[in-house]
Amino acid sequence: MSSQQKHRIQVPDGLRDVLLEFSIAYLLEQPGDVIDYAVEFFSKLQENRKNTMITAAEPTSPDESIMSHEEEPLVNRYASRRKSVFAETYDPEADDDDDGARAIFPKTDEQRARLCDSVKNILLFRSLDKEQMNEVLDAMFEKKVKAGDYIIKQGDDGDNFYVIESGVYKAYVGEDLKHIHTYNGSGSFGELALLYNMPRAATIQAETDGQLWAMDRQTFRRILLKSAFRKRKMYEALLDAVPMLKTLQNYERMNLADALIPKTYSVGDRIIKQGDAADGMYFIEDGTVSIRIQQDAGEVEISRLEKGQYFGELALVTHRPRAASAYAVGTVKVAFLDVDAFERLLGPCMEIMKRNIDDYESQLVKIFGSKNNITDIR
């Protein structure tokens, strides 16, 4: 038995169904904060289960014991229709077809600019680098719709992923077409069936004339799923080399890897500016970063950081403005962790980072010979 087989985790059906139902609800409603939404969702789920147990303990007639269509979990209402779809899994690790033909739909500069504006706030595209983003833009094609058109229908197999440029669209579920969400001129839909290899979880109908951008199933998987897999593997290796993160559990490092956003800077670019409010921290993937502080005679370099090191964290820990600037020495690739994700994911490392403040102050004393006005160098 291989090492990979020994450590393969079997996901229980119950867990899979609960997470799938949560994913459906989240992707349909697209709330602002995933953590707050998850708390609300699972609290309601727990309350419904308690009510069901109480009801089950009471005498019922045969008709009353049957769960109504509205009460039945969303995932169960369609999962039985297309069991075979779940068998069609996608393994990005096994997919080594990097030389396959790319889908390219020519666009005018005006069309490409409109598409860029439509996709800039789509969560799924946040982690893509510039090259992958260009591949997404190349692969998407225009789809004009009229009021009343059905874009996708619940129960159908997933063919395309859609980004909204204009128009109003309504999402419905169930045979009675219960309205659950309205898209007003922005957003995206259709990813769920492609991510999970499942039938469409809802029906989407155009309320007005509109314009969509679409991407086919195969391209969506190759770009988004495979890039997400590679990103996680690359960032896991990067994070494994950071001593501060040794206190994190494996699953915590995986969550951290998923939250990182790639950024690239050219020679001389200023990455952070002394005096600015802290918006996040940076892990260096490749290249060299110069840390400098402003003095009367101008900026003075106090250190250089290389691949595997990080910066920007202490301003987050101390809640003070940036006390130093960081510049790219040559081309620099970094993984950026925003302030919200930092506070959510790096709690176990907070004490270590606080202890590092003394180390940084000692470094400044060696350079300037005094602790006067020394603050967080990051």
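Residues numbered from 1 in each chain as written. Predicted model: local features only at pLDDT ≥ 70, side-chain atom pairs only at ≥ 80, totals over all residues. Heavy atoms only, no water.

1. Here we look at the overall build of the protein chain
Stage number 1. In terms of helices and strands, the protein chain carries 13 helices and 14 strands.
Stage number 2. Classification of the 378 residues of the protein chain by burial places 43% in the buried group.
Stage number 3. Relative to all contacts within the protein chain whose residues are 6 or more apart in sequence, the contacts with residues 24 or more apart total 76%.
Stage number 4. With the model as given, the accessible surface of the protein chain reaches about 21,100 Å², and the carbon-plus-sulfur share is 49%. (Helix = DSSP H or I, 4+ residues; strand = E, 2+ residues; numbered from the N terminus. Buried < 20%, exposed > 50% of the residue type's maximum accessible area, 1.4 Å probe, protein only. Contact = heavy atoms within 4.5 Å. Areas by Shrake-Rupley, 256 points an atom, 1.4 Å probe, with all protein chains shown as cover.)

2. Observations regarding the UniProt feature "binding site: 3',5'-cyclic AMP 1" (unreviewed entry) in the protein chain
Stage number 1. In the numbering used here, UniProt assigns the feature "binding site: 3',5'-cyclic AMP 1" (unreviewed entry) to Glu191 and Arg200.
Stage number 2. Its location among the elements puts Glu191 in helix 8 (residues 191-196).
Stage number 3. For Arg200, the location among the structural elements is in the loop between helix 8 and strand 7 (203-206).
Stage number 4. The buried category is assigned to Arg200, whose relative accessible area is 2%.
Stage number 5. Apart from residues lying up to four places away in sequence, Arg200 is in contact with Ile152, Lys153, Gln154, Gly155, Asp156, Asp157, Gly158, Asp159, Asn160, Tyr162, Gly190 and Ala193. (UniProt positions renumbered as here; feature names shortened; annotations may be inferred.)

3. Things to note about a negative patch on the surface
Stage number 1. On the surface, Asp33, Asp36, Asp340 and Glu343 cluster together into a negatively charged patch.
Stage number 2. With respect to the element layout, Asp340 can be found in helix 12 (residues 339-345). (Patch = residues over 30% accessible without salt bridge, like charges linked within 9 Å, V, L, I, M, F, W, Y side chains within 5 Å. Salt bridge = Lys/Arg side-chain N within 4 Å of Asp/Glu carboxyl O. Lys, Arg positive; Asp, Glu negative; His and termini not counted. Charge placed at Lys NZ, Arg CZ, Asp CG, Glu CD.)

4. Some details on the packing of helix 7 (residues 130-139) against helix 9 (residues 217-240)
In a packed pair of helices, the relevant descriptors are the angle between the two axes and the axis-to-axis distance.
Stage number 1. Helix 9 packs onto helix 7 with a crossing angle of 165 degrees between their chain directions and a minimal axis gap of 10 Å. Here helix 7 is positioned roughly antiparallel relative to helix 9, judged by the angle of their axes. For the pair helix 7 and helix 9, the sense of crossing is left-handed. Residue-level contacts link Gln132, Glu135, Val136 and Ala139 of helix 7 to Thr219, Arg222, Ile223 and Ser227 of helix 9. (Axes fitted to C-alpha atoms, helices over the stretch in contact; angles between N-to-C directions. Parallel < 35°, antiparallel > 145°, perpendicular 65-115°, else oblique. Left-handed = near helix turned anticlockwise from the far one by under 90°.)

5. Comments concerning the nonpolar core
Stage number 1. If you look at the biggest cluster of nonpolar residues, it comprises 24 residues, and the most contacted ones within it are Leu245, Leu256, Met281, Phe283, Leu337 and Leu346.
Stage number 2. For this core, the secondary structure elements donating two or more residues are helix 9, helix 10 (250-259), strand 11 (280-295), helix 11 (313-318), strand 14 (325-338) and helix 12. (Core = buried A, V, L, I, M, F, W, Y, C linked by side-chain atoms within 4.5 Å.)

6. A word on the sheet that holds strand 8 (residues 210-216)
Stage number 1. Here four strands make up an open sheet; going across it, the order is 1-8-3-6 and the pairing antiparallel. Single-partner strands in this sheet number two, and they are strand 1 (141-145) and strand 6 (188-189).
Stage number 2. Contacting strand 3 (160-166) and strand 8, helix 9 runs over the sheet at an angle of about 70 degrees to strand 8. (Pairing = 2+ DSSP bridges.)

7. Notes on the pattern of salt bridges
Stage number 1. Taken as a whole and assessed by the stated rule, the structure comprises eight salt bridges.
Stage number 2. For Arg112, the salt bridge goes to Asp138, with nearest N and O atoms at 3.1 Å. Pair noted here: Arg112 is in helix 6 (residues 109-119) and Asp138 is in helix 7, with a separation of 26 residues, a long-range link.
Stage number 3. Take Arg112: its relative accessible area is 25%, and that puts it in the partly exposed class.
Stage number 4. According to the relative accessible area criterion, Asp138 is buried, its value standing at 16%.
Stage number 5. The closest approach of N and O atoms between Arg322 and Asp279, which form a salt bridge, is 3.3 Å. Of the two residues, Arg322 is situated in the loop between helix 11 and strand 14 and Asp279 in the loop between strand 10 (270-272) and strand 11; the sequence distance between them amounts to 43 residues.
Stage number 6. Residue Arg322 is classed as buried on the basis of its relative accessible area, which comes to 2%.
Stage number 7. Several salt bridges share partner residues, and in doing so they unite Glu110, Arg114, Glu142 and Glu165 into one network.

8. What about the environment of Ala139?
Stage number 1. In this structure, Ala139 sits in helix 7.
Stage number 2. Between the C-alpha atoms of Ala139 and Met215, which are 76 residues apart in sequence, the distance is 6.2 Å.
Stage number 3. For Ala139, the residues in contact, after removing those within four places along its chain, are Ala103, Phe105, Lys107, Ala214, Met215 and Thr219.

9. Things to note about the confidence of the model for the protein chain
Stage number 1. The pLDDT averaged across the protein chain works out to 76; a share of 71% of its residues lies at or above 70.
Stage number 2. In the model, residues 54-88 has pLDDT below 50 throughout and makes 45 contacts with residues more than four positions away in sequence or in other chains. (pLDDT = per-residue confidence, 0-100.)

10. Describing the packing of helix 9 against helix 10
Stage number 1. Running from N to C, helix 9 and helix 10 cross one another at 120 degrees; their axes reach a closest spacing of 9 Å. With respect to helix 10, the element helix 9 is oriented oblique. When you trace helix 9 past helix 10, the crossing you get is right-handed. Every residue of helix 10 that contacts helix 9 at Lys231, Arg232, Tyr235, Glu236, Leu239 and Asp240 is listed here: Arg253, Met254, Leu256, Ala257, Asp258 and Ala259.
Stage number 2. Residues belonging to the contact of helix 9 with helix 10 are distributed by class as follows: six nonpolar, no polar and six charged. (Nonpolar A, V, L, I, M, F, W, Y, C, P; charged D, E, K, R; others polar.)

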